[in-house]
Amino acid sequence: MKGFNPKEIKTNAAEIIKAGAALYDALGVEPELREDRARAVAGHVDSDFVETSIQEAISQVGRAARLPANSFPVMCNYLAMATW
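Basis of the calculations
Counting starts from 1 at the beginning of each chain's written sequence and moves along it residue by residue. Residues qualify for local features only when their pLDDT is at least 70, as the model is predicted, and side-chain atom pairs are given and counted only at 80 or more; totals for whole chains, interfaces and linings, by contrast, use all residues. For the side-chain quantities, the full set of heavy atoms in the structure was used; hydrogens and water were omitted. Under the scheme used here, helices are H or I runs from DSSP no shorter than 4 residues and strands are E runs no shorter than 2 residues, and both carry numbers assigned from the N terminus. A 1.4 Å probe rolled over the protein chains alone gives each residue an accessible area, and that area as a share of the maximum for its type sets the label: buried under 20%, exposed over 50%, partly exposed in between. We get accessible surface area from the Shrake-Rupley algorithm with a probe of 1.4 Å; when it comes to residues, only the shown protein chains can shield them. Without a salt bridge and with relative accessible area above 30%, a residue can belong to a patch; like charges are then joined within 9 Å and nonpolar side chains (Val, Leu, Ile, Met, Phe, Trp, Tyr) within 5 Å. Here, a salt bridge means any side-chain nitrogen of Lys or Arg that lies within 4 Å of a carboxyl oxygen of Asp or Glu. Summary of the metric used: pLDDT quantifies the predictor's per-residue confidence within the range 0 to 100.

Enquirer: Quick question: what am I supposed to make of the overall build of the protein chain here?
Expert: Looking only at helices and strands, one finds 3 helices and 0 strands in the protein chain. Secondary structure of the protein chain in N-to-C order comes out as α-α-α. Counting every position in the protein chain, which comprises 84 residues, the buried fraction comes to 4%. Of the roughly 7700 Å² of accessible surface on the protein chain, a fraction of 67% belongs to carbon and sulfur atoms.

What follows is the structure, given as structure tokens:
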């Protein structure tokens, strides 16, 4: 059995207090970090949606370019009815 060492006990207590203070500080900023994570995830979803929409628009323009000139009014009507 070890003897009673006040210096070691004091050092361990100081480390525990520092760890507790660091944990308290980290938990204090958690709500803000949670909001930032939610915004980042939502932004990622939005960028995927935008990228998909752009790719679809590019493919529609490519198909329209290959159509005969008389189908242009039909394409304009289609685009006018499309929901963006």
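Still more ground to cover, so stick around.
Enquirer: Is there a simple way to explain a nonpolar patch on the surface in this structure?
Expert: A cluster of nonpolar residues, F49, V50, I54 and I58, forms a patch on the protein surface that exposes about 410 Å² of accessible area. Along the chain, I54 falls in helix α2 (residues 30–66).

Enquirer: What exactly am I supposed to notice about the pattern of salt bridges here?
Expert: Side-chain pairs of opposite charge can arise whenever the charged atoms involved come near each other. Taken as a whole, this structure holds 4 salt bridges when the rule is applied. Here E30 makes a salt bridge to R34, at a shortest N to O gap of 4.0 Å. Linking E30 with R34, this pair stays in helix α2, spanning 4 residues, or about one helical turn. When the shortest N-O distance is used, the salt bridge between R39 and D36 registers 3.2 Å. Taken together, the residues span about one helical turn, with R39 and D36 both in helix α2 at a distance of 3 residues. Residue classification places R39 among the exposed residues on the basis of a relative accessible area of 54%. A single network of salt bridges, built from pairs that share partners, joins E30, R34 and R37.

Enquirer: Looking at this structure, I do not really get the confidence of the model for the protein chain. What am I missing?
Expert: Regions with low pLDDT should not have their predicted coordinates read in detail. On average, residues of the protein chain score 77 in pLDDT, and 76% of them reach the 70 mark or higher. The secondary structure element of the protein chain with the lowest average pLDDT is helix α3 (residues 72–81), at 69, and the one with the highest is helix α1 (residues 6–28), at 88.

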